[in-house]
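Listed below, chain by chain, are the residues.
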Amino acid sequence: MSPLARLRVRLALAVGAAEVRLRLRLPRLMRALTRCPVKPAAPLTELARIESDPAYRALFFAGLDAAVADRFATRSAVVDEIEAAADRLRSLIRNPDADERAA
């Protein structure tokens, strides 16, 4: 590791340790300096937008269809890998003399 990389790591650790100490010793100040998370929108706001805006609805459903297709492709790939592993195990059980480590 280069000296510059070591310096960066040490600096990051020192800043992290200082933050922890400040949070422990001055909790009110740290809470005041910390950004407040953005309040989430109402749960049905996006649903209302989907129902009222045809362009947003088309975009939302296109993204949803793509996510479903991606999940299906991932599941199919996993099933194929599991079936291939099961076939290898079956072949080892049927023919215990064959050593696959040599291949």
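These numbers come from a predicted model, not from an experiment. (Residues numbered from 1 in each chain as written. Predicted model: local features only at pLDDT ≥ 70, side-chain atom pairs only at ≥ 80, totals over all residues. Heavy atoms only, no water.)

Let us now look at the environment of Val 78. Structurally, Val 78 is set in helix α4 (residues 54-94). C-alpha separation for the pair Val 78 and Leu 29, spaced 49 residues apart in sequence, amounts to 50 Å. (Helix = DSSP H or I, 4+ residues; strand = E, 2+ residues; numbered from the N terminus.)

What follows deals with the confidence of the model for the protein. Confidence along the protein averages 86 in pLDDT terms, with 93% of residues attaining 70 or more. No element of the protein has a lower mean pLDDT than helix α2 (residues 27-33), which averages 81, and none a higher one than α4, which averages 94. (pLDDT = per-residue confidence, 0-100.)

Another point: α4. If you check α4, its first and last C-alpha atoms are 59 Å apart, about what 41 residues at 1.5 Å a residue would give, namely 60 Å. The N-cap residue of α4 is Asp 53: its side-chain oxygen and the backbone nitrogen of Ala 55 are 3.3 Å apart. (Expected span 1.5 Å × (residues − 1). Polar contact = N/O pair within 3.5 Å; in protein donor to acceptor, adjacent residues only side chain to side chain.)

On inspection of all chains with the given rule, the structure shows two salt bridges. A salt bridge links Glu 19 to Arg 23; its shortest N-O distance comes to 3.0 Å. Placement of the pair is Glu 19 and Arg 23 together in helix α1 (residues 3-25), with a separation of four residues, close to one helical turn. The partner of Arg 90 in a salt bridge is Asp 87, with the nearest N and O atoms 2.7 Å apart. Taken together, the residues span about one helical turn, with Arg 90 and Asp 87 both in helix α4 at a distance of three residues. For Asp 87, a relative accessible area of 45% translates into the label partly exposed. (Salt bridge = Lys/Arg side-chain N within 4 Å of Asp/Glu carboxyl O. Buried < 20%, exposed > 50% of the residue type's maximum accessible area, 1.4 Å probe, protein only.)

A few words now on a nonpolar patch on the surface. Where nonpolar side chains cluster on the molecular surface, the patch consists of Leu 22, Leu 26, Leu 29 and Leu 33 and spans about 360 Å² of accessible area. Here Leu 26 lies in the loop between α1 and α2. Its relative accessible area of 39% is what places Leu 26 among the partly exposed residues. (Patch = residues over 30% accessible without salt bridge, like charges linked within 9 Å, V, L, I, M, F, W, Y side chains within 5 Å. Areas by Shrake-Rupley, 256 points an atom, 1.4 Å probe, with all protein chains shown as cover.)

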